[in-house]
Amino acid sequence: MVSNAARKYESQQGKQVRQIPVLRQQPKRWNRLERALMVVGGAISLLLIITLLSTKISINNRQHNLQDLQARISRVKNSNSSDRQEIAALTSQSSLKRAAHKYGLSDKNSNVRNINK
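What you see is a predicted model, and the numbers here were worked out from it, not measured in a lab. (Residues numbered from 1 in each chain as written. Predicted model: local features only at pLDDT ≥ 70, side-chain atom pairs only at ≥ 80, totals over all residues. Heavy atoms only, no water.)

Peer 1: Would you mind going over the overall build of the protein chain with me for this structure?
Peer 2: The helix and strand inventory of the protein chain stands at three helices and zero strands. Reading the protein chain from its N end, one meets helices and strands in the order α-α-α. Taking all 117 residues of the protein chain together, 2% fall into the buried category. Split by element, the accessible area of the protein chain, about 12,500 Å² in all, is 57% carbon and sulfur. (Helix = DSSP H or I, 4+ residues; strand = E, 2+ residues; numbered from the N terminus. Buried < 20%, exposed > 50% of the residue type's maximum accessible area, 1.4 Å probe, protein only. Areas by Shrake-Rupley, 256 points an atom, 1.4 Å probe, with all protein chains shown as cover.)

Peer 1: What should I look at first to understand the side chain of Ser95 in this one?
Peer 2: With respect to the helices, strands and loops of the structure, Ser95 is situated in helix H3 (residues 93–102). Excluding residues that lie within four positions of it along the chain, Ser95 makes contacts with Ala89 and Leu90. (Contact = heavy atoms within 4.5 Å.)

Peer 1: Is there a simple way to explain a nonpolar patch on the surface in this structure?
Peer 2: Taken together, Val40, Ile44 and Leu48 make up a surface patch of nonpolar side chains, about 280 Å² in accessible area. Here Val40 is to be found in helix H2 (residues 32–90). By relative accessible area, which is 46% here, Val40 ends up partly exposed. (Patch = residues over 30% accessible without salt bridge, like charges linked within 9 Å, V, L, I, M, F, W, Y side chains within 5 Å. Salt bridge = Lys/Arg side-chain N within 4 Å of Asp/Glu carboxyl O.)

Taken by themselves, the reported measurements are silent on function.
Listed below in structure tokens is the structure:
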């Protein structure tokens with residue numbers, strides 16, 4: 001069998017291979033449906049891109065507003081804490097005695113009652 005295959009191969013090599021001429025095919029043009037689909041797809045893609053960008057800008061603006069609001073809340077909390085400390089200092093017993101002495105008032109402990117929550 002091997003010898004027969006070799007002979008066939010040799011005989012095929014001896015023959016000249018005939019070349020088939022390649023015809024240039026014209027590129028196919030798009031039909032109306034394909035054009036319409038491309039236009040609609042492009043319009044939808046453009047719309048999605050614009051929507052995405054506007055959403056991103058809106059989110060960034062909201063984030064900046066949130067950060068500003070958090071900064072204002074922090075400042076108000078610090079101010080409230082400072083005011084509470086000042087109120088505690090002014091309502092202390094020694095401060096009240098100092099104010100009474102300044103205006104010539106006297107303090108009688110028998111007339112004072114302490115009420116705690």
